[in-house]
Amino acid sequence: MKDLPLGLFIIPDTGLEMRLNTAKSLNITTAHVLTPPRNERTSDKIQLLMDKFNEANVEITILFCGFEGESYASIAEVEKTVGLAPEPTCHARLQECKEISDFARALDVKILGMHLGFIPEDTNSETYRRLLKQTRELCDYCHNNEQRLHLETGQEKAEVLLGFIHDVDRVNLAINFDPANMILYGAGEPISALRFLGHYVKSVHCKDAKWADNPGQDWGTEVVAGQGDVNFEAFFMTLEELGYRAPLTIEREISGDKQIKDIENTVLFLNNIRNIL
Ligand code: MG
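Here's a quick rundown of the structure. (Residues numbered from 1 in each chain as written. Predicted model: local features only at pLDDT ≥ 70, side-chain atom pairs only at ≥ 80, totals over all residues. Heavy atoms only, no water.)

Tracing the sequence through the fold places Arg274 in helix α10 (residues 256–276). Of the side chains bearing the opposite charge, Asp3 lies closest to the buried Arg274, which forms no salt bridge; the N-O distance is 6.5 Å. (Helix = DSSP H or I, 4+ residues; strand = E, 2+ residues; numbered from the N terminus. Buried < 20%, exposed > 50% of the residue type's maximum accessible area, 1.4 Å probe, protein only. Lys, Arg positive; Asp, Glu negative; His and termini not counted. Salt bridge = Lys/Arg side-chain N within 4 Å of Asp/Glu carboxyl O.)

A few words on the sheet that holds strand β2 (residues 30–34). Judged by pairing direction, the barrel is parallel, and its eight strands sit side by side in the order β1-β2-β3-β4-β5-β6-β7-β10 before closing back on the first. Direction aside, the axes of adjacent strands within the sheet are offset by 30 degrees on average. Alignment of β2 against strand β3 (residues 59–64), held across five bridges, turns out to be parallel. Looking at the pairing, Thr30 lines up with Glu59 of β3. Its contacts with the sheet place helix α4 (residues 90–106) against β3 and β4 (111–114), and it is angled at close to 140 degrees to β4. (Pairing = 2+ DSSP bridges. Axes fitted to C-alpha atoms, helices over the stretch in contact; angles between N-to-C directions. Contact = heavy atoms within 4.5 Å.)

It is worth spelling out the packing of aromatic side chains at this point. Enumeration according to the criterion identifies nine aromatic pairs in this entry. A centroid spacing of 4.8 Å and a plane angle of 70 degrees characterise the contact between Tyr185 and Trp219, whose relative ring orientation is edge-to-face. Of this pair, Tyr185 sits in the loop between α7 (179–184) and α8 (190–197) while Trp219 is found in the loop between β8 (208–210) and β9 (221–223), placing the two residues 34 residues apart along the sequence. The class for Tyr185 is buried, based on a relative accessible area of 6%. One aromatic cluster in this structure is built from Phe177, Phe232, Phe235, Phe236 and Phe269. (Phe/Tyr/Trp six-rings, centres within 6.5 Å; stacked < 30°, edge-to-face > 60°.)

Inspection of every chain in the model, using the stated rule, returns 20 salt bridges. Note that Arg170 is salt-bridged to Asp140, the shortest N-O span being 2.8 Å. Here Arg170 is found in the loop between α6 (158–168) and β6 (173–177), whereas its partner Asp140 is found in helix α5 (residues 126–144), with 30 residues between them in sequence. The exposure class of Asp140 is partly exposed, given its relative accessible area of 34%.

Written as structure tokens, this is what we have:
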């Protein structure tokens with residue numbers, strides 16, 4: 001664990017430079033980056049983005065897909081608006097995923113990450129079958145760009161996600177495991193989910209959260225790492241057991257000075273745990 005690089009989830013908006021400076025000052029050398037909107041993906045802007053990350057000595061390890069119209073306001077809104085699951089936007093978004101894969105290739109990024117949206121438990125449903133087909137198509141597109149696709153956890157139980165991955169049946173499909181999402185969505189106890197998903201977990205978010213009173217209906221609450229219900233010691237020990245060798249990427253989904261302060265505290269917290277394991 002000690003030798004794994006730390007990472008930071010970075011949204012490249014107006015706060016980009018502040019976040020890169022924070023990464024640099026905390027010896028964070030890798031990042032998961034939310035893809036900028038389409039009009040920011042021109043070749044001159046790609047170069048500018050690369051220059052900024054190179055100057056900060058931060059390697060982009062994953063580009064995350066995000067789409068216009070997505071809302072994380074409530075679990076019900078996520079179901080209606082996020083990822084490829086909602087039918088009305090799924091074809092345009094699949095096309096945009098392919099564009100993002102090409103954008104990632106231009107940045108020399110080898111992994112695409114995304115929330116697929118809620119995968120239905122009913123494997124005979126139309127949505128499940130469509131998601132299978134679209135995920136295969138995207139995996140094959142990424143494969144041609146020499147990339148993997150990592151699905152982020154949380155919106156469904158680990159059993160549903162693993163069954164879906166087996167059904168997609170593509171070698172470049174893997175998981176970005178976010179323990180806090182399991183709690184926020186009420187999708188299951190994170191450490192047993194991690195053990196269950198096993199070797200498919202090829203990237204992680206170090207994020208913490210508290211369970212809602214009615215898990216699965218209401219949002220849990222995201223908090224700074226160490227103050228929530230994720231057992232980070234067990235999280236790291238399980239990753240070690242699984243032979244996990246990728247960055248430990250800190251995610252704190254707030255902005256401004258409090259985000260920076262919380263990232264600093266998270267680095268201290270994670271390093272303390274890493275030093276005693
Ligand atoms: Mg996450």
